[in-house]
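Each chain, written out:
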Amino acid sequence: MNQELAERRPLVGTRPGTGHDVVDPDRDLVARWQAGDEEAFAALVRRHQGRVYRLLLRMLGNPEEAEDVAQEAFLNLHRHGHRFRGESRFSTFVYRVAANAALNRRRALGRRRERMERLERRQAAGDELPEAPRDPESAAVGEEEREEVQRALLALPETLRMPVVLYDIEGLSYGEIAEVLKLAEGTVKSRIHRARQALRKELAPFVREEQRGASS
Amino acid sequence: MTHSRIRRRFDTYLDGTLDTAERSRVESHLAECASCHAEFAELRRTVELLHRLDDPEPPPDLAERILARIAEQEGSEAAGRLEGRWRGVPVVPLALAAGVAGLVWVAGNAPEALLPEELRPVTPAPAARTGLAASREGVAREAGAGGVGDPRVPRLPGAASAGPQTMAGRALAGGSAEEGDAALEELLTSQLARALSDVDGYAVEVVALPASERGHRLGRLADEALRRRAVPDLRRALLRSRRAETLHVLRELDRELRARMDQPAPRPYRQRAAVPVAAPR
């Protein structure tokens, strides 16, 4: 263990906002797991399954697929977890593994099929434009809106979808997302910007309506 | 500032990460420019929709299914690797190994007087003595601590009345080196037999051991399995287990077994058990 510590490479790419300065709440469990305690791994699975599942559900849009890919993600984590050396928070590492699992799944589906699906989804979104203005005061997102948002998310290219899901739904910082996706922070920012703009256009019927309702 | 430059700052403005000067620039522009204001309102509403999406709960037993799949997948892949490596290695064929395991199990459980002579514990072959002697201390610990093997260690006929009842116990109490080796062999054999016949029960007992003892115990069981050419059988036995609470112990054992896959199997120290002969000379 000591030898392992001594062999740690200097931290590369540590950015402000990765939470590296704070003590990682998973540190002890990770250390126990890496020392061979499988109970500790089970505890880590229980602790992180929710965020992995959420991310994958947002990315893939289908509960069964989300669970399947979540299982793959944790399988990969179990296999390659010894590579984690504490350069970032463990939760960031978990997101990274989950993100890769999602991207691999998408690649397997094939680009052409995905384009077709996206087209169909857009078509469907166009068919279901709401006719009546909705209540702008309502705080909770209704069932229909939720579906629309999910549809709009799925219509984004995944290079834009992943950063915006991590930022606006999962609440990661730019720095953490850069860490997860191995991108420069500036790239992350610009992708989030483009994703939000695309979502705004995709969700125009909803967001414009609200606008009308609020100004009247 | 142009409209497009203002609009490029909408994200950071929304996130509250814009510095004060820029912030007031954006705000004064928004107060004057209706089209930018409209676009900003749309963007804010979009982001709000994302923020207000509720968190879907994962299925209730997702964690358990994840752990089960890991156990299953890693187990079967390891088994595949194992078969690949053992193919062509001139070892006792699997069927014979299984037979040996059965014999060993019997040997570990039945009173010696009832065994055919060739299956009774014998003095270890000289080649294995060093390793055996080195392990004696650990066995004595196990025997003394009432460890895994104890209930299964055969009692010596007529030894019920006084003193330690197992050979390991007698070795502990100051028996000869030969007795100690035989005791070790007996204990290891009975542990392997137990693990092969009831891997869950074995694992439950190992779980109860202090953590520092556990690795030691599993390591020696794996050594014994290698020596007895029972590694594939033991791995098959543990892959069949589905008990979540002993999963970590079995995985640890599996790691021990896999770590030995590259090593040549040592000569079995009880030759006659591996290749039964008709009659002693």
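The numbers attached to residues start from 1 for each chain and follow its sequence in the written order. Key to labels: chains lettered from A, ligands numbered from 1, both in the order written. Local features in a predicted model are, by the rule used here, given only for residues with pLDDT of at least 70; side-chain atom pairs are given and counted only at 80 or more, and totals for whole chains, interfaces and linings are based on all residues. Side-chain numbers come from the whole structure's heavy atoms, not from hydrogens or water.

Here we look at the overall build of chain A
- By definition, any uninterrupted DSSP run of H or I lasting at least four residues is a helix, any uninterrupted run of E lasting at least two residues is a strand, and each is numbered from the N terminus. Of the regular secondary structure elements, chain A holds 11 helices and zero strands.
- Counted from the first residue to the last, chain A has its helices and strands arranged as α-α-α-α-α-α-α-α-α-α-α.
- Taken across its 216 residues, chain A has 50% of its residues classed as buried.
- Two residues qualify as a contact provided that any one of their heavy atoms is within 4.5 Å of a heavy atom in the partner residue. At a minimum sequence separation of 6, the contacts of chain A that also span at least 24 residues come to 69%. Between buried and exposed lies partly exposed: a residue is buried under 20% and exposed over 50% of the maximum accessible area for its type, with that area taken using a 1.4 Å probe on protein chains only.

Quick notes on the pattern of salt bridges
- Just to be clear on terms, a salt bridge is a Lys or Arg side-chain nitrogen sitting within 4 Å of an Asp or Glu carboxyl oxygen. A complete count under the given rule lists 29 salt bridges over all chains for this structure.
- Salt-bridge contacts for R105 of chain A lead to E72 of chain A; the nearest nitrogen and oxygen are separated by 2.8 Å. Of this pair, R105 of chain A sits in helix 5 (residues 90-109) while E72 of chain A sits in helix 4 (residues 63-80), and the two are 33 residues apart along the sequence.
- A residue is classified by how much of its surface remains accessible, and R105 of chain A, at 18% relative accessible area, is buried.
- Salt bridges sharing common partners tie together E65, D68, E72 and R105 of chain A together with R69 of chain B.

What to know about the packing of helix 3 (residues 38-60) of chain A against helix 4 of chain A
Residue and element names in this part refer to chain A.
- Two elements in contact, helix 3 and helix 4, have axes whose closest approach is 8 Å; the angle formed by their N-to-C orientations is 140°. Here helix 4 runs oblique to helix 3, going by the angle between their axes. Along this stretch, helix 3 crosses helix 4, giving a crossing that reads as right-handed. Seen from helix 3, the contacting residues are E38, F41, V45, H48, Q49, V52, Y53, L56, L57 and L60; seen from helix 4, they are P63, E65, A66, E67, V69, A70, F74, L77 and H78. Angles shown run from 0 to 180 degrees and are taken between the N-to-C directions of axes, each axis being a line fitted to C-alpha atoms and, for helices, limited to the stretch in contact. Roughly parallel means an angle under 35 degrees; roughly antiparallel, over 145; roughly perpendicular, 65 to 115; everything else is oblique. Here is the rule for handedness: rotate from the far helix to the near one, and if that takes an anticlockwise turn smaller than a right angle the crossing is left-handed, while a clockwise turn gives right-handed.

Quick word on the interface of chain B and chain A
- Contact residues are listed per partner, giving 41 residues for chain B and 45 residues for chain A.
- By definition, the buried area sums, over both parts, the 1.4 Å-probe accessible area that each loses when the two are put together. In this assembly, chain B packs against chain A so that about 4,200 Å² is buried in total across both faces, 58% of it on carbon and sulfur atoms.
- Under this definition, polar contacts are N or O atom pairs within 3.5 Å; protein pairs additionally need one hydrogen-donor-capable and one acceptor-capable atom, and for neighbouring residues in sequence, both atoms have to be side-chain atoms. Along the contact surface separating chain B from chain A lie 15 residue pairs in polar contact (both at pLDDT 80 or more).
- Mapped onto the side of chain B that touches chain A, the elements with two or more residues apiece are helix 1 (3-8), helix 2 (10-15), helix 4 (34-52), helix 5 (62-86) and helix 13 (247-259) of chain B.
- Counting residues per element, the side of chain B that touches chain A draws most heavily on helix 4 of chain B, at 13 residues.
- In terms of residue class, the side of chain B that touches chain A is made up of 16 nonpolar, five polar and 20 charged. Each residue is assigned to one of three groups, with Ala, Val, Leu, Ile, Met, Phe, Trp, Tyr, Cys and Pro labelled nonpolar, Asp, Glu, Lys and Arg labelled charged, and all others, Gly among them, labelled polar.

Observations regarding the nonpolar core
- Residues L77, F90, L153, M162 and L166 of chain A are the most contacted members of the largest nonpolar core, which totals 66 residues.
- With 12 residues, the top contributor of residues to this core is helix 3 of chain A.
- Look past the residues within four positions of L166 of chain A in its chain and what remains in contact with it is L55, Y95, G171, L172, I177, V180 and L181 of chain A.
- By size, the runner-up hydrophobic cluster in this structure holds 22 residues, among which are L192, A203, V249 and L253 of chain B. Only buried residues count toward a nonpolar core. Its members are Ala, Val, Leu, Ile, Met, Phe, Trp, Tyr and Cys residues joined through side-chain atoms within 4.5 Å.

Concerning helix 4 of chain A
- To estimate the expected span of a helix, subtract one from its residue number and multiply by 1.5 Å. Over its 18 residues, helix 4 of chain A extends 25 Å from the first C-alpha to the last, a length consistent with the 26 Å expected when each residue adds 1.5 Å.
- Where helix 4 of chain A begins, one side-chain oxygen reaches toward the backbone nitrogen of E64 of chain A, 2.8 Å away; that side chain belongs to N62 of chain A.

Considerations on the packing of aromatic side chains
All names here are of chain A.
- For Phe, Tyr and Trp, where Trp contributes only its six-membered ring, two rings pair if their centres lie within 6.5 Å, and the inter-plane angle classes them as stacked under 30 degrees, edge-to-face over 60, or tilted in between. What the rule picks out here adds up to seven aromatic pairs over all chains.
- When the ring of F84 is compared with that of F90, the centres are 5.2 Å apart and the planes differ by 70°; the resulting orientation is edge-to-face. Here the two residues F84 and F90 agree in accessibility, since each one is buried.
- With 4.9 Å between their ring centres and 40° between their planes, F84 and F93 make a pair best called tilted. Note on accessibility: F84 and F93 belong to one class, buried.
- Put simply, the rings of F84, F90 and F93 pair up and form one aromatic cluster.

Quick look at the state of the cysteines
Residue and element names in this part refer to chain B.
- Two cysteine sulfurs form a disulfide in these notes if their separation is within 2.5 Å. Inspection of every chain in the model, using the stated rule, returns zero disulfides over all chains.
- Between C33, a free cysteine, and C36, which holds the nearest cysteine sulfur, the sulfur-to-sulfur gap is 3.6 Å.
- Taking relative accessible area as the criterion, C33 reaches 10% and is therefore assigned buried.
- On the basis of relative accessible area, C36 is assigned to the buried category, the value being 0%.

Notes on helix 12 (residues 231-240) of chain B
- Counting buried positions over the 10 residues of helix 12 of chain B gives seven, a clear majority of the element.
- Residues of helix 12 of chain B that are buried include every one of V231, P232, D233, L234, R235, A237 and L238 of chain B, and no others.

What about the side chain of D168 of chain A?
- By secondary structure assignment, the location of D168 of chain A is in helix 8 (residues 158-169).
- By relative accessible area, which is 4% here, D168 of chain A ends up buried.
- Polar contacts involving the side chain of D168 of chain A include one to the side chain of R196 of chain A, which spans 2.9 Å.
- Sequence-distant contacts of D168 of chain A, defined by excluding residues within four places in its chain, comprise R196 of chain A together with V47, L50 and H51 of chain B.

So, the packing of helix 8 of chain A against helix 10 (residues 185-202) of chain A
Residue and element names in this part refer to chain A.
- For the pair helix 8 and helix 10, interaxial distance at closest approach is 8 Å and the crossing angle is 95°. Regarding the angle of helix 8 to helix 10, the classification is roughly perpendicular. Packed against helix 8, whose contacting residues are T159, L160, P163, V164, Y167 and D168, the element helix 10 presents R191, I192, R194, A195, R196 and L199 at the interface.
- When grouped by side-chain class, the residues that make up the contact of helix 8 with helix 10 number seven nonpolar, one polar and four charged.

Observations regarding the confidence of the model for chain B
Residue and element names in this part refer to chain B.
- pLDDT expresses how confident the predictor is about each individual residue, on a scale running from 0 to 100. Chain-level pLDDT for chain B is 66 on average; 53% of the residues reach the 70-or-more range.
- Summarising per-element confidence for chain B, the mean pLDDT is lowest in helix 14 (residues 271-274) (39) and highest in helix 3 (residues 20-32) (91).
- Long-range and interchain partners of residues 82-94, a stretch whose pLDDT sits below 50, account for 16 contacts in this model, where long-range means more than four residues apart.
- A low-confidence stretch, residues 103-175 (pLDDT under 50), is modelled with 113 contacts involving residues beyond four sequence positions or located in other chains.
- Across the whole predicted complex the pTM is 0.50, and at the interface the ipTM reaches 0.70.

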